[in-house]
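# Residue-level structure breakdown
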Amino acid sequence: AFDKMFSSIGQFHSRVENNISGIRVVKAFGNESHEMDRFIEHNEQFRKTKLTTYQMMAVHTAVSHFLIKSVTVFGLVCGAWFVLQKNMTYGEFVSFVLLTGIFLGPIQQINAVIEMYPKGAAGFKRFASLIDQSPDEKDADDAIEVDQLKGDIVFEHVSFQYESDKPVLHDINLEVKQGETIAVVGPSGAGKSTLCSLLPRFYEWQEGIITIDGIETRKMTLPSLRRQIGVVQQDIYLFHGTIRENILYGKLDASDEEVWQAVEKAQLKDLVNSLPNGLDTIIGERGMMLSGGQKQRISIARIFLKNPPIFILDEATSSLDTETESFIQGSLEELSEGRTTFIIAHRLATIQHADRIVVLTKEGIKEQGRHEDLLEMDGMYRRLYETQFRM
C-alpha cells in the first residue's frame, strides 16, 4: 500500500511540475480545462491510494488495540475468578495486572514500529533504486587526467545507436586538426548533435575509437576531458539565480574583470546595464524572465569565460537577431582562433567561413570540403544551399 502511495505521490508531483513549467504552452493552446481534468485524474488516483493506505493502517491499529485490550480484559476476568475461588490472593492478582501493563507497553511500541517500517522502507526503496543507478559513462581503471589538450581530434570507424535496431551514426571517419573550424550540416535526424555529443562522452559509442591529441577519450577521466570542451547547446538551460551566477558556471573562481570581459564579448553589456541590479538580477527558473536571445547570450558568455581549447556550438546563435548574431559571430571567430571548433547549423549562411564543412546523413559522411568546393561538386550540400536560399 505504501509503495503504491509513494508512486502516486511521484506522478502527482510530476503532473503539477509539468503544468507550472509549461504554463505558457497551456495558456497559448487554451488547454486549461484539459490540464485541470488530468490534474483531477491524478489527484483522484492519489486520493484513492492514500485512502487505501489509511484503511490498512486503520485495520492494523484497530485489530492491534482490540487484541491488546482483549488480553487485559481476559486477565481481569480470569484473575477475578481465581481470587473468588481462593486460588489467588488479592496482592498476587494486582501484581499480575500491573506486570501485564508493563508487558503490553513494549508490545504497543513494537506495533508502532511495525506500522512505521513499511512506510520508511517504501520511501527508501524508491530512493535507493534511483541512487543505485550506475552511470552509462564511467572512468576506465587506467584513466588519466589531462591538463591542456591541443585539439587534434580523430573519429575512426565510429558507430553509435540509441537502440539496438536503430543506428544513428554509421562508420564515421573524420580527422580534425588543431585550430580547425568544422561545420556539421545535414538533414534533421542525421545525427549532427549526437556526433558532437560523443566527444565529451555524453553517450558511449558502440564501435570505433575517438582520440584527442592521440589519446583515446575513454582513457581520460571524464571531469578532465569535459574541462577541455565548451558546449553551447540549442536547448539552453539556465539555473534559478542571478546572471552573475549563471555566467560564473563557466569558471567558478573567475574574477569580476573576467566576468565583465565575457559579458562584453557576448553582447550582454547593454542588457546588464539596463537592469536595476545589474549582474545580480534574478532571472527566474530556467531564465523565464529573459527572452530566448538573452538566454542564449548568457550561455555564450559562460563559454567565453570557460575559454576551453575545443568548442561545440550547437545552433549557438539561432535565437539571436541578425545584428547581434553578426557581432557574436565575430567574437566567436576571434575566440576560435587556434582552437578546434565544431559548429552545428541549419542556416548555411552562418557557416560559410568554416575551414571545412561536413555533410552528415544517416548513411554517414557524404561530403566534406570548403563552401566553394562543395557548391562546385553539385551534391547534397549544393541542394541544401539552393533550397535554403531559394526560400
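Residues numbered from 1 in each chain as written. Predicted model: local features only at pLDDT ≥ 70, side-chain atom pairs only at ≥ 80, totals over all residues. Heavy atoms only, no water.

## Observations regarding the overall build of the chain
Put simply, the test is: Under the scheme used here, helices are H or I runs from DSSP no shorter than 4 residues and strands are E runs no shorter than 2 residues, and both carry numbers assigned from the N terminus. Only C-alpha atoms enter the radius of gyration; for comparison, a globular chain is expected to reach 2.2 Å times N to the power 0.38, where N is the number of residues. Here, two residues are considered to be in contact whenever any of their heavy atoms come within 4.5 Å of each other. All accessible-area figures derive from a Shrake-Rupley calculation using a 1.4 Å probe, and residue coverage is judged against the displayed protein chains alone.
Along the chain, the regular secondary structure elements total 13 helices and ten strands. Its C-alpha atoms give the chain a radius of gyration of 33 Å, clearly above 21 Å, the size a compact globule of 391 residues would have. On the principal axes, the C-alpha backbone points of the chain span a range of 120 × 50 × 45 Å. Partitioning the contacts of the chain with sequence separation of at least 6, the portion at a separation of at least 24 is 71%. On the chain, roughly 23100 Å² of surface is accessible, and the fraction owed to carbon and sulfur atoms is 56%.

## Side note on unusual backbone geometry
Which entries qualify depends on this criterion: A simple rule labels every residue: compare its accessible area, found with a 1.4 Å probe on the protein chains alone, to the largest value its type can have, and call it buried under 20%, exposed over 50%, or partly exposed in between.
The phi torsion at His-157 lies on the positive side, around 50 degrees, for a residue other than glycine. Here His-157 lies in strand β1 (residues 153-163). On the basis of relative accessibility, which here comes to 43%, the residue His-157 falls in the partly exposed class. Of note, the phi angle at Asp-171 is positive, near 50 degrees, even though the residue is not glycine. Note that Asp-171 resides in strand β2 (residues 166-176). Since its relative accessible area comes to 36%, Asp-171 is described here as partly exposed.

## Side note on the environment of Phe-6
One can find Phe-6 in helix α1 (residues 2-21). When the C-alpha positions of Phe-6 and Lys-50 are compared, they lie 9.1 Å apart, and in sequence the two are 44 residues distant.

## Side note on helix α4 (residues 90-131)
Selection criterion: Helix span, as expected, comes to 1.5 Å for every residue beyond the first. Here the bend at a residue is taken as the angle between two axes, fitted respectively to the seven residues that end there and the seven that start there.
Look at α4: 61 Å from first C-alpha to last across 42 residues, which is about the 62 Å you get at 1.5 Å a residue. The largest bend in α4 amounts to roughly 25 degrees and is located at Met-116, with the proline Pro-118 lying one to four residues further along. The inward-facing, buried residues of α4 abut α1 and α3 (32-84).

## Some words on the pattern of salt bridges
Spelled out, the test is: For this document, the term salt bridge refers to a Lys or Arg side-chain nitrogen within 4 Å of an Asp or Glu carboxyl oxygen.
Counted under the stated rule, the structure contains eleven salt bridges. Note that Arg-244 is salt-bridged to Asp-256, the shortest N-O span being 3.0 Å. Of this pair, Arg-244 sits in helix α7 (residues 243-248) while Asp-256 sits in helix α8 (residues 256-265), and the two are twelve residues apart along the sequence. Where Glu-258 meets Lys-251, a salt bridge forms, and the shortest distance between an N and an O atom there is 2.9 Å. Residues joined in a network through salt bridges with shared partners are Arg-201, Glu-204 and Arg-218.

## Description of the sheet that holds β1
To keep it simple, the criterion reads: Only strands that DSSP links by at least two bridges are regarded as paired with each other.
Pairing is antiparallel in the open sheet, where four strands are placed in the order β2-β1-β4-β5. Two strands bound the open sheet, and with one partner strand each, they are β2 and β5 (215-216). Alignment of β1 against β2, held across seven bridges, turns out to be antiparallel. Following the sheet pairing, Phe-160 is matched in β2 by Leu-169.

## Some points on the packing of aromatic side chains
Inclusion rule: Between rings of Phe, Tyr and Trp, where Trp is taken as its six-membered ring, a pair exists when centres lie within 6.5 Å; planes separated by under 30 degrees are stacked, by over 60 edge-to-face, and by other angles tilted. When the NZ atom of lysine or the CZ atom of arginine is within 6 Å of a ring's centre and also within 35 degrees of its normal, the charge is said to sit over that ring.
As enumerated under the stated definition, the model contains seven aromatic pairs in all. Taking the centre distance of 4.8 Å and the plane angle of 85 degrees together, the rings of Phe-160 and Tyr-162 count as edge-to-face. Assessed through its relative accessible area of 3%, Phe-160 is described here as buried. On the accessibility criterion, Tyr-162 (47% relative accessible area) is partly exposed. Between the NZ or CZ atom of Arg-218 and the centre of the ring of Trp-205, over which it lies, the distance is 4.0 Å.

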